[in-house]
Amino acid sequence: MSEEKELVIREDRGAVSYISLNRPRSGNSLSLATIDELTRHLLDLRRQPSIAVIVLTGVGKKIFCAGHDLTEFDGETDPEFFKTVSTRCSAMMQAMRDQPQIIIASVDGVASAAGCQLVASADLAVASNQARFATPGVNIGLWCLTPMVALSRMVMPKHAMQMLATGRLYDAQFALRVGLVNDVVEPERLAETVEALAAEIASKSTYTLALGKQAFYRQLQMPISDAYEYSGELVVRNMAHADAREGIGAFVEKRKPVWKGRK
């Protein structure tokens, strides 16, 4: 099937949904149609309580995602078009953060500009040692403004500024060192490593994962006293859920829990 017919491929395997950007001839770049298609899948998955984990990747091994499709920008002068692209892409990135599932980026190849933003917006990321990361807008007279939002919240400010101001390609070890990815493995081990991580997380209660992910990002924005108060309120809600009672009972009885999950 041509990349024009299926911009984003989704395959659900048990409790894990694999989503692949499918524009390899265009560097898996984010055309407006691709952004809309990826957003559609994310919103649909919110209504799938049996899915615990989403793995995001790109078709091919050279480029994970090259960022926005600049062929759509070439010759365009209408400010409303640029605003539309920015608004819809930003909404997609925020949808990833608001998603009840844990999202893992599986990166083999270059993650550039909005592609790097995808990695920073994912909850977890595993890269092959051939992966490269860049926010190269500055090289063509464009600061990577929206990628900056996710990047600067994921790595230390001086590292984010280094990437933004140089526009340079950084290797996977740099990404690991600054906290952009969780692990770096040999290319031939990338798929199995991501699958194992996804399976480990997917074995947990989908209710607990959704509650925990939302709580994690919310409390990060709060003063510490407010964060403790907010978390304490959630403890009551969490403990009242059937999965907490099941988990405690299973632990005491030394058996595997049977989750009800996110209904």
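Refer to the structure above for everything that follows.
Residues numbered from 1 in each chain as written. Predicted model: local features only at pLDDT ≥ 70, side-chain atom pairs only at ≥ 80, totals over all residues. Heavy atoms only, no water.

### Section: the packing of helix α1 (residues 32–45) against helix α2 (residues 79–98)
No. 1: Axis separation between α1 and α2 bottoms out at 10 Å; the angle between their running directions is 25 degrees. By the angle class used here, α1 and α2 are roughly parallel. Here the hand of the crossing between α1 and α2 comes out left-handed. Seen from α1, the contacting residues are Leu32, Ile35, Asp36, Leu38, Thr39 and Leu42; seen from α2, they are Thr84, Val85, Arg88, Cys89, Met92, Ala95 and Met96.
No. 2: Grouping the amino acids of the contact of α1 with α2 by side-chain chemistry returns nine nonpolar, two polar and two charged. (Axes fitted to C-alpha atoms, helices over the stretch in contact; angles between N-to-C directions. Helix = DSSP H or I, 4+ residues; strand = E, 2+ residues; numbered from the N terminus. Parallel < 35°, antiparallel > 145°, perpendicular 65-115°, else oblique. Left-handed = near helix turned anticlockwise from the far one by under 90°. Contact = heavy atoms within 4.5 Å. Nonpolar A, V, L, I, M, F, W, Y, C, P; charged D, E, K, R; others polar.)

### A short note on the pairing of strand β3 (residues 53–58)
No. 1: Of all six residues that make up β3, six are buried, and the element is covered over most of its length.
No. 2: Neither face of β3 is open: one carries Val53, Val55 and Thr57, the other Ile54, Leu56 and Gly58, and all of them are buried.
No. 3: Where strand β2 (residues 16–21) and β3 come together, six bridges link them in parallel fashion. When the bridges of β3 are listed, Val16 appears paired with Val53.
No. 4: Following the backbone out of β2, through α1 and into the adjacent parallel β3, one traces a crossover that is right-handed.
No. 5: One ladder, built from four bridges, connects β3 with strand β5 (residues 102–107); its direction is parallel. Following the sheet pairing, Leu56 is matched in β5 by Ala105. (Buried < 20%, exposed > 50% of the residue type's maximum accessible area, 1.4 Å probe, protein only. Pairing = 2+ DSSP bridges. Right-handed = clockwise from strand over helix to strand, strands pointing away.)

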